[in-house]
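Report on the structure
These are the residues of each chain, in order.
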Amino acid sequence: MGERDGGRVTLQTLADALGISRTTASNAFNRPDQLNPALRERVLALAAELGYAGPDPAGRALRSGRAGSIGVLLTERLSYAFGDPAAVSTLRGLAIEAEQAGISLALLPVPLSGGEAAAGAVNSALVDACFVYALPEGHPSVERVLERRIPVVIADTPHVPGVPFVSIDDRAGARAAAQHLVDLGHRRLAVASLRLREDDRTGFVDPDHRDLASYRVTRERLRGYADAITAAGIDWDAVPVYEGRPNSRALGAEAVSALLALDPRPTAVLAMSDEIALGAVDGARAAGLAVPGQLSIVGFDDAPAATQRGLTTIRQPLVDKGRAAGRMLLEAIGGGMPADVALPTELVVRGSTAAMR
């Protein structure tokens, strides 16, 4: 039935069988608004009968100069990315903007160590632009994607000069969280931290290493905590900081267990995310402590569960962060020069913090 390419069904096969041009057959898949609905149904019905799934995406991209996709570069397994409420909300915002423009998302998880696997993921990705999300400083995948000379927007990753950047003031948000506890009279503070570097280390962080974090978010939030704590006359070096991974409630429970074993134990915990904070709340209560009566806990993000659980936290506009990145990428794809975007944070006081008794 018509011409075949080495036995493979092609657009030309469909065109010859129906007596139409190859362009008309292509429109049935790529530009349905340009085709009579009845004719499109005939093309699709024959395609289904012959087992033809549609034009090859790579070939279509080469012909049009557009892949119709935005890549999302992140250093976590997809199972983790979908389990982190902050990441999910940010990616949802990006997806909203992409959908409205008729563009898809391609998630590109790369290993922390970079290497050939990371290079392959970046080099082979069929994308028009890339959103670099939560990578550590110096990760080779960032350099790889910049070498492709496609539009790039960065968030929750160290700023690269000249690359559009969407951010919140993590330092100011963390400062507000610590100041809230200081104002409540707490002096024995502790930190349950996101990981500092791209390794599997878990445990207490030596004071000399707190400024060596390769993750921008971790480094800035530690600095914000230090600002408020030092201004209150408390020795920042004496504040225990417990580091772990991944960002999860399990980490929060693990951290609070280690912190409560200290003598004297802290009266308040600064958790670097809501997931860590909620795990800390559960761990403290499992240990027989009342929250906030015996231990106050502050999170960061204001993910949906924070409201449900009455968690005091720092609100950042997660969905808006993703939407801003999406608009910036679409502007760059269209030839524009997007400006950096900085979004606000806000302390939200709920029931997980109380005045020091």
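Residues numbered from 1 in each chain as written. Predicted model: local features only at pLDDT ≥ 70, side-chain atom pairs only at ≥ 80, totals over all residues. Heavy atoms only, no water.

The next point concerns empty space enclosed by the protein. Under the criterion given, the structure shown has 2 cavities of 30 Å³ or more. In this structure, the second largest cavity spans a volume of roughly 30 Å³. Around the second largest cavity, the lining residues are Asp84, Pro85, Ala86, Asp274, Glu275, Asp301 and Ala303. Of all elements in the fold, only helix 6 (85–100) and helix 12 (274–286) reach the threshold of two or more residues within the lining of the second largest cavity. (1 Å grid on protein atoms, 1.4 Å probe; cavity = no way out; pocket = protein on both sides within 12 Å on 5 of 7 lines; lining within 4 Å. Points joined across faces, edges and corners; volume = space filled by probe spheres on them. Helix = DSSP H or I, 4+ residues; strand = E, 2+ residues; numbered from the N terminus.)

Further remarks concern a negative patch on the surface. On the surface, Asp206, Asp208, Asp235 and Asp237 cluster together into a patch of negative charge. As for its placement among the helices and strands, Asp237 is situated in the loop between helix 10 (216–231) and strand 8 (241–243). With a relative accessible area of 47%, Asp237 lands in the partly exposed category. (Patch = residues over 30% accessible without salt bridge, like charges linked within 9 Å, V, L, I, M, F, W, Y side chains within 5 Å. Areas by Shrake-Rupley, 256 points an atom, 1.4 Å probe, with all protein chains shown as cover. Salt bridge = Lys/Arg side-chain N within 4 Å of Asp/Glu carboxyl O. Lys, Arg positive; Asp, Glu negative; His and termini not counted. Charge placed at Lys NZ, Arg CZ, Asp CG, Glu CD. Buried < 20%, exposed > 50% of the residue type's maximum accessible area, 1.4 Å probe, protein only.)

All right, on to the confidence of the model for the chain then. Taken over all residues, the pLDDT of the chain has a mean of 88, while the share at 70 or more is 89%. Confidence drops under a pLDDT of 50 for residues 1–6, and excluding neighbours within four residues, the segment shows 13 contacts in the predicted structure. (pLDDT = per-residue confidence, 0-100. Contact = heavy atoms within 4.5 Å.)

The 5 strands lie next to each other as 7-8-6-9-10, forming an open sheet whose pairing is mixed. Every interior strand has two partners, whereas the edge strands, strand 7 (203–204) and strand 10 (296–298), have only one. Here strand 9 (residues 268–271) runs beside strand 10; their pairing, made up of 3 bridges, is parallel. If you follow Ala268 over to strand 10, its bridge partner there is Ser296. Across the sheet, helix 11 (residues 249–260) touches strand 6 (189–193), strand 7, strand 8 and strand 9, and the angle it forms with strand 8 is around 145 degrees. (Pairing = 2+ DSSP bridges. Axes fitted to C-alpha atoms, helices over the stretch in contact; angles between N-to-C directions.)

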